[in-house]
Amino acid sequence: MKTGKAENRQGFFSGRDMGRAAIGKGSMEKTAMALLEIRDLHAAVDGHEILKGVNLTVNAGEVHSIMGPNGSGKSTLSSVLARRDTYEVTGGSVLFNGKNLLAMEPEEAACEGVFLAFQYPVEIPGIGNAYFLRSAVNAVRKYRGQDELDAMDFLPLYKERMKLLEMDEKFMNRSVNEGFSGGEKKRNEILQMAMLEPKLAILDEADSGLDIDALRIVSGGVNALRNPDRAFLVITHYQRLLNTIKPDFVHVLVDGKIARSGGPELALELEETGYGWAEAEQTQALSA
Amino acid sequence: MATETERLNTYSEAWAVTRAHAVAQEPVWLRQLREEGWARFDAKGFPSTREEDWRFTNLAALAKTPFRRASRGEFAVTAAQLEPYRLSGALCQLVFVNGRFAPELSALSGLPNGLLVRSLAEATDASRQDRASEGIEQHLGRYAQMDRDVFTALNTALWEDGAYLRIRSGLALERPIHLLHLATGAHAAIASHPRTLIVAEASSQVAIIEDYVSLGAETAFANAVTELVAAEGAVVSHLLVERENLASFNVSTLRIEQARNARVDSHSILTGGSLVRNNVHPVLNGEGAECLLDGLFTGAASQHLDNFMLVEHARPHCNSRQFYNGILAGGARGVFHGRIVVAKDAQKTDAKQTNRNLLLSPRARIDTKPQLEIYADDVKCTHGATIGQIDNAQLFYLRARGIAEAEARNLLLYAFAAESLDRMANPVVREFAATLLHARIMELVAAAKTDADAEIPTQNGEDAE
Ligand SMILES: Nc1ncnc2c1ncn2[C@@H]1O[C@H](COP(=O)(O)OP(=O)(O)OP(=O)(O)O)[C@@H](O)[C@H]1O
Ligand SMILES: [Mg+2]
C-alpha cells in the first residue's frame, strides 16, 4: 500500500521532517488517497540540482504553507508542479489525484486542477484579459466535459469575481498583465484562480508587493475559495498573510528539502528566529 | 535550363506584341514611355545580389523561369472560382485575370458620383479617348522610377491592363475598392504586369485593397506597379495582400506621391508567394504630409519575402512611420530594408522605423537593414529592429491556465500580428485582414509543428534597438 511505503521511507529523513507525521492527523484517515503526494522529488535547472528530495502530502481541504529562505527552491517546486519544462525532474514522483503529475503537460495539469499563481506574472501584450481568461476557462471546461461558455455567459461571472477582488472592470479589455502594478498583477492571479476553480492552488508569494488593502483583498479571495475539495499550497515569507489565511500545516524548505514541518505555530516561531538554525544545520551537515 | 538570352527572349516576345498593340492603339506619350521602359530593361536585365538594393534577394530562380503572356480569353474563370475572393464589404470589385481586366467578373454597379473606376487599357485606348481618361497622361509613369528600378521599367514596357481610379476632390468613400488580381494558367508559367493609377484629389478619402491570388498551383509572375497620387489633404489607405501559391513570383511596387497635408497609410500582408519583393516608396512632397507604412510578412517552407521601403522626405514638417513585422517558420527567409532619405530642406522631419521579427524555426532567417540618408540638420529619425522567438514565459503562462500548446502559440502569434491590424483605420479592411491572418497563423503553427528538423526554439527576444 502507498501509505505503508511512505512510512517506510520516514526514517530516511531528519527528525525535523514532520511531513509524514502530518498524515496521521490530517484527513488522510478519511480519504484513501491524498490530493497531492510528492515523494523524494529532485529537480534541476541547467544542471544545477535545486530540489534535493522533497516529500509532501496534501489532502483535499487542507492549506499548507511553505516558507523558507530565498533561493531554497520554493518557486522551483511550484514550477515543477505546474509542469514548466525548464525544470528537469531528476528523481522522485508526484501523484495528483492518483495520477502521475510528472507525465503531464502544463495544460493537462491545469485542466486536471493544478493552478499556480505566479510569483512574477508575465505581461502578454496583444491578448486581452477577458479573451484570455475565457479561452482558459473553456479549455478547462472542455477537458472536464462541460459546455464551453460564450461571451454572454462568461462576462457576468467574470465581472462578479472582479468585484470580489475589487478590480475595476477596465482591466477586462486590457492586455494580460500589461502595465499592471505589482499588486494588480497579484489580484489578477487570484481572479484567474477564482474563475478556474482548481483542486490545488499554489500561491507563490501572492502577498509580495501588496499594500494592506490588497493583502486583505487577496487573502479574502483565497478564503472565499476554501472548501473541502480544494487544497492550497501557500508560499510566503511573512506571517501576516498566514494571519488571515490560516494554514493547517507549515513547512520550511531549506536548500531543496523540507527541513521542518509543523502547525501554524511554526510560522510564528520562524518570524522570531528566522532561518539561522537551518543554515547552522546545513553547515553542520556539510562538515560532518 | 534557360540561358540569359532565352530569358530575355521570353520578355522580348511579349514586348513585340505589346509594341505592335501600342502602335495601333495608344497615344504617343504612352508609346514613348513603353519604349523607354523596354530600353532600360533590355540594357540592364534583372539585378544581381551585387547591387546594394538586392543584396539579400537572389533573382536567379525568377530569371531562369521562362514566362509567356496569356492570350486574351485563354483562361476562363467562373463565378464559383471567384466566390471565395469576393469581399462583401467592398464598394466595388475590379477583377483582373492574368493582368487583364475581366468586366464580366467585376462588380461595378452603384458607384457614387465623383468616383471614376476604369480599366487602364480602356482609358488609354487612343480610339476611345474621352473625358474619363483625363489626367492619365499627367500622372502615369511620372512617379514610378524606371531609372532606378528595372522591374518598374519592365512593367512600364509590358503592362496590358490595370485599374485607373480617380476620386474627385472632397469625396469621402467609406467602403474600400477591391482590386483582385487572379493568376491562372496551365502548361507554361504566365507573367503579367498589372499597372494601377490612383489619383485621390484634394481632401478626398479612399481605401484600396490590391489583392493577389492564384487559382491553381501553376507558377506565375506578377510584376505590379501602382502609382498613388494623394493631392492636398487627401486621406488614402492602401492594402497589398499577397497570397499567391508557393510557386509564384511577385514583385509589387507602390509609389506614393503626397502633396501638402496628405495622409497615406500603406499596409501590406504577405502570406503567399515563393519569392516576393514588396517595394513601397512614398515621397512626402508637401509640407505636413504624413505616411504610415505598416506591414506583416509571414513565411513558411522556403518562401522568400523581401520588403524594400524607401521613404523620401522632400519637404519640411512631414512625418513618416514604418512598422514592419515578420513571422518566419520553416526555412523561410525575410528581408526588411528600410531607407529613409531626408532632403536638405526637409527640416522638422519626424521619421520612425521599427521592424520586429519572430522566428519559429532555427532555419528561418531575417535580414534587416535600416539606412538613413539625412541631409537636413533639424530632424528626428529613429529606427529599431528586433529578432526573437516565441516567449517561453508567455507560452508557459497560457499553458499553465489550461490552454493547449498549439492554441497558446496561435494566441501569441496572433497578438504579435494583431498590432498591424490595430493600425488599420478602415473597419472593412481590418476585418478582411483579420480573417486572412487568423487562417494564416493556424497554418504557421501547424507548419512549425510538423517541421521535422525543428525543435521550436523558445527564448526571450533580444532588443537590438
Ligand atoms: N537557470 C538557473 N541556473 C542556475 N540556478 C538557477 C537557475 N534558475 C534558478 N536557479 C537557482 O535555483 C535556486 C532556487 O530558486 P527558487 O526561485 O526556486 O527559490 P525561491 O525559494 O522561490 O526563492 P525566493 O524566496 O527568492 O522566491 C536559486 O538559488 C536560483 O538562483
Ligand atoms: Mg520564489
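In what follows, the structure referred to is the one given above.
Here the structure is a predicted model, which is why all the values come from computation and not from measurement.

About the cut-offs
Residues numbered from 1 in each chain as written. Chains lettered and ligands numbered in written order. Predicted model: local features only at pLDDT ≥ 70, side-chain atom pairs only at ≥ 80, totals over all residues. Heavy atoms only, no water. Helix = DSSP H or I, 4+ residues; strand = E, 2+ residues; numbered from the N terminus. Buried < 20%, exposed > 50% of the residue type's maximum accessible area, 1.4 Å probe, protein only. Contact = heavy atoms within 4.5 Å. Areas by Shrake-Rupley, 256 points an atom, 1.4 Å probe, with all protein chains shown as cover. Axes fitted to C-alpha atoms, helices over the stretch in contact; angles between N-to-C directions. Parallel < 35°, antiparallel > 145°, perpendicular 65-115°, else oblique. Left-handed = near helix turned anticlockwise from the far one by under 90°. Nonpolar A, V, L, I, M, F, W, Y, C, P; charged D, E, K, R; others polar. Buried area = accessible area lost by both parts, 1.4 Å probe. Salt bridge = Lys/Arg side-chain N within 4 Å of Asp/Glu carboxyl O. Near = heavy atom within 4 Å. Polar contact = N/O pair within 3.5 Å; in protein donor to acceptor, adjacent residues only side chain to side chain. Phe/Tyr/Trp six-rings, centres within 6.5 Å; stacked < 30°, edge-to-face > 60°. Lys NZ or Arg CZ within 6 Å of the ring centre and 35° of its normal. Donors = N, O, S within 2.8 Å, 3.2 Å for Na, K, Ca; no water. Pairing = 2+ DSSP bridges.

## Some words on the overall build of chain A
Looking only at helices and strands, chain A features 11 helices and 12 strands. Within the span of chain A, comprising 288 residues, buried residues form 55% of the whole. For chain A, contacts bridging at least 24 residues in sequence account for 69% of all contacts bridging at least 6. On chain A, roughly 12,700 Å² of surface is accessible, and the fraction owed to carbon and sulfur atoms is 51%.

## Thoughts on the packing of helix α8 (residues 392-400) of chain B against helix α9 (residues 405-422) of chain B
Residues and elements named next belong to chain B. At a minimum axis distance of 9 Å, the contact between α8 and α9 shows a crossing angle of 130°. Taken as axis vectors, α8 and α9 run oblique relative to one another. In this structure, α8 crosses over α9, and the sense of that crossing is right-handed. Between α8 and α9, the residues in contact are Q394, L395, L398 and R399 and E405, A408, R409, L411 and L412, respectively. Along the lines of polarity and charge, the residues of the contact of α8 with α9 split into 5 nonpolar, 1 polar and 3 charged.

## Some remarks on the interface of chain A and chain B
At the junction of the two partners, chain A supplies 32 residues and chain B supplies 16 residues. Between chain A and chain B the total buried area reaches about 2,000 Å² when both faces are included, carbon and sulfur atoms providing 66% of it. At the junction of chain A with chain B, the criterion picks out 3 salt bridges. Here E189 of chain A ties to R401 of chain B by a salt bridge, and the two come within 2.7 Å at their closest N and O atoms.

## Describing the pattern of salt bridges
Within the structure shown, the criterion is met by 42 salt bridges over all chains. With a shortest N-O distance of 3.0 Å, E405 of chain B and R409 of chain B are connected by a salt bridge. Pair noted here: E405 of chain B and R409 of chain B are both in helix α9, with a separation of 4 residues, about one helical turn. Since its relative accessible area comes to 28%, E405 of chain B is described here as partly exposed. Look at the salt bridges and you will find they share partners, linking E105 and E107 of chain A together with R399, E405 and R409 of chain B into a network.

## Thoughts on the site of ligand 1
All names here are of chain A. By nearness alone, 15 residues border ligand 1, and I50, K74, S75, T76 and H237 come closest of all. At 3.1 Å from an oxygen atom of ligand 1 is found a side-chain nitrogen or oxygen belonging to Q119. Within the side chain of H237, a nitrogen or oxygen atom sits 2.8 Å from an oxygen atom of ligand 1. Of all the elements in the fold, those that place two or more residues in the shell around ligand 1 are β2 (48-58) and α3 (74-81). With 3 residues, the single largest contributor to the shell around ligand 1 is α3. Of the residues belonging to the shell around ligand 1, the class tally is 3 nonpolar, 9 polar and 3 charged.

## What to know about the packing of aromatic side chains
All names here are of chain B. Evaluated as defined, the whole model comprises 17 aromatic pairs over all chains. Taking the centre distance of 5.5 Å and the plane angle of 70° together, the rings of Y11 and F41 count as edge-to-face. On the criterion of sequence distance, the pair formed by Y11 in helix α1 (residues 4-25) and F41 in helix α2 (residues 28-44) is long-range, its members being 30 residues apart. F41 carries the same exposure label as Y11, and that label is buried. Clustering of aromatic rings is evident, with ring pairs tying together Y11, W15, W38, F41, F46, W54, F67, F151, F221 and F249. When the ring centre of W54 is taken as reference, the NZ or CZ atom of R277 above it lies at 3.6 Å. The ring of F323 has R423 sitting right over it, with the charged end atom 4.1 Å from the ring centre.

## Structural notes on the packing of α9 of chain B against helix α10 (residues 427-450) of chain B
Residues and elements named next belong to chain B. It is at 9 Å that the axes of α9 and α10 come closest, and there the two elements cross at 145°. In this structure, α9 crosses over α10, and the sense of that crossing is right-handed. In this structure, α9 contributes A406, R409, N410, L413, Y414, A417 and L421 to the contact, and α10 contributes R430, A433, A434, L437, H438, I441, M442 and V445. The class makeup of the residues in the contact of α9 with α10 is 11 nonpolar, 2 polar and 2 charged.

## Focus: the coordination of the magnesium ion (ligand 2)
Residue and element names in this part refer to chain A. Bound to the magnesium ion (ligand 2) on the protein side are S75 (OG) and Q119 (OE1), at distances that span 2.0 to 2.2 Å. Of this pair, S75 sits in helix α3 while Q119 sits in the loop between β6 (114-117) and β7 (124-128), and the two are 44 residues apart along the sequence. On the basis of relative accessible area, Q119 is assigned to the buried category, the value being 15%.

## Topic: the sheet that holds β6 of chain A
Residues and elements named next belong to chain A. A sheet is described by the order of its strands in space; here 6 strands give the open sequence β6-β9-β10-β3-β11-β12, paired in mixed fashion. Where the open sheet ends on each side, the last strands, each with one partner, are β6 and β12 (257-262). Ignoring strand direction, the axes of neighbouring strands in this sheet form an average angle of 20°. In this structure, β6 lies alongside strand β9 (residues 200-204), joined through 4 bridges in parallel fashion. The residue of β9 that forms the bridge with L116 is I202. Of the strands in this sheet, β6, β9 and β10 (231-235) are in contact with helix α7 (residues 182-196), which crosses β6 at around 165°.

## Regarding the side chain of S106 of chain B
All names here are of chain B. The topology assignment puts S106 in the loop between β3 (100-101) and β4 (115-119). Its relative accessible area of 15% is what places S106 among the buried residues. In this structure the side chain of S106 is engaged in a polar contact, spanning 2.9 Å, whose partner is the backbone nitrogen of V95. If near-sequence neighbours (up to four positions away) are discounted, S106 is found in contact with Q93, L94, V95 and F101.

## Observations regarding the side chain of Q322 of chain B
Its place among the elements puts Q322 of chain B in strand β17 (residues 319-328). Not counting residues up to four positions away in its chain, the partners in contact with Q322 of chain B are L293, M309, V311, F336, G338, I340, K352, Q353 and T354 of chain B.

## Some details on the environment of A24 of chain B
Residue position: A24 of chain B is located in helix α1. Assessed through its relative accessible area of 59%, A24 of chain B is described here as exposed.

## Some points on the sheet that holds strand β4 (residues 88-96) of chain A
Residues and elements named next belong to chain A. Taking strand neighbours across the sheet as the criterion, the 4 strands line up as β2-β1-β4-β5 in an open arrangement whose pairing is antiparallel. The open sheet has two edge strands, β2 and β5 (99-100), and neither has a second partner. α3 rests against β1 (36-45), β2 and β4 of the sheet, and its axis sits at about 110° to β1.

## Some points on unusual backbone geometry
Negative phi characterises most residues that are not glycine, and trans characterises most peptide bonds. Residues and elements named next belong to chain A. The backbone of D40 shows a phi angle near 45°, a positive value even though the residue is not glycine. Take D40: it is sitting in strand β1. Judged by its relative accessible area of 17%, D40 falls in the buried class. The backbone of R83 sits at a positive phi, close to 75°, despite the residue not being glycine. With respect to the secondary-structure elements, R83 resides in the loop between α3 and β4.

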